[in-house]
Amino acid sequence: MKRKGFLCVLVVSITGFLFGFDSVIVSGINVPLKQLWHTSDWFHGTFIISMVLWGSVTGSLLGGYPTEKLGRKKTLILVGCMFVVSSLGTALSVSPHMFSLFRFVGGLGAGIGSIVAPTYISEVADARHRGRLGMLFQLNLVLGLLLAFLSNYFFAVSFGEDNWRWMLGIMVLPYSVFTLLLFGISESPRWLILRKGDTASALRVLDRISTKEEADRLLQAIHAEDTSSVHRERLFSRKYARVLVLSFLMSFFNQFSGISFILFYAPEVLAKAGSGTAQSLLSSVAIGLVNVVFTLVGVYLIDRIGRRRLMYVGSIGYIISLAMIAYGFYVGASAVFILVFMLLFITSHAVGQGAVIFVYMSEIFPTPVRAYGQAWGMGVLNGFAALITLSGAILIHAFQSWMIFGGFALLMILQLLFTAFIMPETKGISLEELEERLSVK
């Protein structure tokens, strides 16, 4: 890949940063907004906390259409504009309903972005480095989480009662810069050939972003496909049954590990273990930092040891850490004890599911249905995330904490079995060869 191609991938991967930051910034303004607007647990969980995720669900389910019809580049620009509008709107909100509306817009952008960005990266990257380049999206996502936690802590100790407006409004600047940078990226050559039939433009793009060897290999693979069938393929058909099941199970286990519950409710969970408000927010920063460090480990390992081995490591780490958190709450252990195993949980997620899922989703769906397949997979993922986050506001008060984390631990035993008996490896295999292997004949 040439320098221009890498820069295109790097810019597009920033979508993950916006996704991460916009998703969990609400964890730091959770309590102030509830006190400001005096909302019930149900209203707060549904409209204040999880509305961004319901927007993500909608964006994920609909994201395949603009990604295929408008193209990868125009859809990414649309996503950037949505983030700018959401940031301004939420910062200036005067009611919970106005706040919820603009959070939904941000979620819509995040959902569409979770389709188009990994799709773009997988189509531009070569097979040898596709895992690492695909993980740039996840790396940026966890950097966004970390900055959100840092922002929450900084504004909580530095500003007055309206600090939440600053937390949300400050992001207009980077969102705008990102949107402007997108005008300089190239369109996906696969999309240009298979969707537009514009081989001439695709060749010009390939000349800018790929070496001649990579370009020749890609063109040979694309032209080997029945391009006339691209517009006739249906995602929900027997041919794609296996990849639909794989994406569903990956999404289910990702969220029923409890990752969204911990990211959104970490300050409250730690407060229940005896940590003060400022200390809880600072502990959330530690969670974000560990997430970044071990995501880098995942970036290093994903193309070396493969997706499946990382899932084994992550699953075992999940089971141990969640079981120990449950035990800690059951015996009344200190907040430090809970935090230590919460950090082990985050480590397990970062090198396991967190490292694998976005890369894996973008790999297993064939080119004719990749955007729609991504929409299905991410729609399921965000749907489960929204359910966990919405119900979290209720669960955290209705059940003892050890029960919640014990339940997550039991589900991760099932993920370990899924990895052992169902999940195929995709490391180092071209997208076209994966299509041949995973399609039902």
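Look up: the structure comes first, before these words.
Cut-off values and rules
- Residues numbered from 1 in each chain as written.
- Predicted model: local features only at pLDDT ≥ 70, side-chain atom pairs only at ≥ 80, totals over all residues.
- Heavy atoms only, no water.
- Helix = DSSP H or I, 4+ residues; strand = E, 2+ residues; numbered from the N terminus.
- Contact = heavy atoms within 4.5 Å.
- Areas by Shrake-Rupley, 256 points an atom, 1.4 Å probe, with all protein chains shown as cover.
- Lys, Arg positive; Asp, Glu negative; His and termini not counted.
- Charge placed at Lys NZ, Arg CZ, Asp CG, Glu CD.
- Expected span 1.5 Å × (residues − 1).
- Buried < 20%, exposed > 50% of the residue type's maximum accessible area, 1.4 Å probe, protein only.
- Patch = residues over 30% accessible without salt bridge, like charges linked within 9 Å, V, L, I, M, F, W, Y side chains within 5 Å.
- Salt bridge = Lys/Arg side-chain N within 4 Å of Asp/Glu carboxyl O.
- Axes fitted to C-alpha atoms, helices over the stretch in contact; angles between N-to-C directions.
- Parallel < 35°, antiparallel > 145°, perpendicular 65-115°, else oblique.
- Left-handed = near helix turned anticlockwise from the far one by under 90°.
- Phe/Tyr/Trp six-rings, centres within 6.5 Å; stacked < 30°, edge-to-face > 60°.
- Nonpolar A, V, L, I, M, F, W, Y, C, P; charged D, E, K, R; others polar.
- Arc of directions from axis to C-beta.
- Polar contact = N/O pair within 3.5 Å; in protein donor to acceptor, adjacent residues only side chain to side chain.

Caption draft 1: Structural detail: the overall build of the protein chain. Within the protein chain, the secondary structure is distributed over 22 helices and zero strands. Projecting the C-alpha coordinates of the protein chain onto the three principal axes gives extents of approximately 60 × 45 × 35 Å. Partitioning the intrachain contacts of the protein chain with sequence separation of at least 6 by distance along the chain shows that 85% fall at a separation of at least 24. Approximately 16,700 Å² of the protein chain is accessible, and the part contributed by carbon and sulfur atoms is 69%. Computed over 34 positive and 24 negative side-chain charges, the inter-centroid distance for the protein chain is 1 Å.

Caption draft 2: Here's a closer look at helix α1 (residues 3-24). Under the 1.5 Å per step criterion, the end-to-end length of α1 is 33 Å for 22 residues, consistent within 8% with the ideal 32 Å. Most of α1 is tucked away: 16 of the 22 residues are buried.

Caption draft 3: Structural detail: a nonpolar patch on the surface. Taken together, the side chains of L410, I413, L414, L417, F421 and I422 make up a nonpolar region of the molecular surface, amounting to roughly 610 Å² of accessible area. Examined against the element boundaries, L414 turns out to sit in helix α21 (residues 401-421).

Caption draft 4: Representation of the packing of α1 against helix α7 (residues 96-124) within the structure. For the pair α1 and α7, interaxial distance at closest approach is 9 Å and the crossing angle is 150°. With respect to α7, the element α1 is oriented roughly antiparallel. Of the two elements, α1 crosses α7, and the hand of that crossing is left-handed. In contact with G5, C8, V9, V12, S13, T15, F19, D22 and S23 of α1, α7 contributes R103, G106, G107, A110, G113, S114, A117, Y120, I121 and V124.

Caption draft 5: Local environment of the packing of aromatic side chains. In this structure the tally under the stated criterion is 23 aromatic pairs. Relative to F408, the ring of F261 lies with its centre 6.1 Å away and its plane at 55°, an arrangement referred to as tilted. Pair noted here: F261 is in helix α15 (residues 259-272) and F408 is in helix α21, with a separation of 147 residues, a long-range link. Each member of the pair F261 and F408 is classed as buried. Between F337 and F341, the aromatic rings sit 5.0 Å apart at their centres with planes inclined by 55°, giving tilted as the arrangement. Here F337 and its partner F341 are both found in helix α18 (residues 335-351), four residues apart, which amounts to about one turn of the helix.

Caption draft 6: Inspection of the packing of helix α17 (residues 307-331) against helix α19 (residues 353-364) at higher detail. Between α17 and α19, the least distance of the axes is 9 Å, while the angle of their chain directions is 140°. Of the two possible hands of crossing, α17 and α19 adopt the one that is left-handed. Residues R307, L310, M311 and Y318 of α17 lie in contact with α19, whose contacting residues are Q353, A355, V356, V359, Y360 and E363. Of the residues that constitute the contact of α17 with α19, the class distribution is seven nonpolar, one polar and two charged.

Caption draft 7: A look at unusual backbone geometry. If you check the backbone angles, H38 has positive phi at about 50° while not being a glycine. Tracing the chain through its elements places H38 in the loop between α2 (30-37) and α3 (41-49).

Caption draft 8: Spatial organisation of helix α12 (residues 199-209). Residues of α12 that are buried: S201, A202, V205, L206 and I209. Each buried residue of α12 sits inside an arc of 140° when the element is viewed along its axis, so together they form one side.

Caption draft 9: Inspection of the pattern of salt bridges at higher detail. One pass over the full model with this rule turns up eleven salt bridges. As a salt-bridge pair, R370 and E123 come within 3.3 Å of each other at their nearest N and O atoms. Of the two residues, R370 sits in helix α20 (residues 370-398) while E123 sits in helix α7, which places them 247 residues apart along the sequence. Of the two residues, R370 and E123, both sit in the buried class. The partner of D303 in a salt bridge is R307, and the shortest N-O contact between them spans 3.0 Å. Of the residues examined, D303 reaches a relative accessible area of 12% and is grouped as buried. With relative accessibility at 0%, the residue R307 sits in the buried group. Residues joined in a network through salt bridges with shared partners are E68, R72, E123, R195 and R370.

Caption draft 10: View of the side chain of D303. By the element assignment, D303 lies in the loop between α16 (277-302) and α17. Within the local environment of D303, its side chain forms a polar contact with the backbone nitrogen of R132, the two atoms lying 2.8 Å apart.

Caption draft 11: Representation of the side chain of E68 within the structure. Structurally, E68 is set in helix α5 (residues 64-69). Ignoring any residue separated from it by four or fewer positions in sequence, one finds E68 in contact with W191, R195, A371 and Y372.

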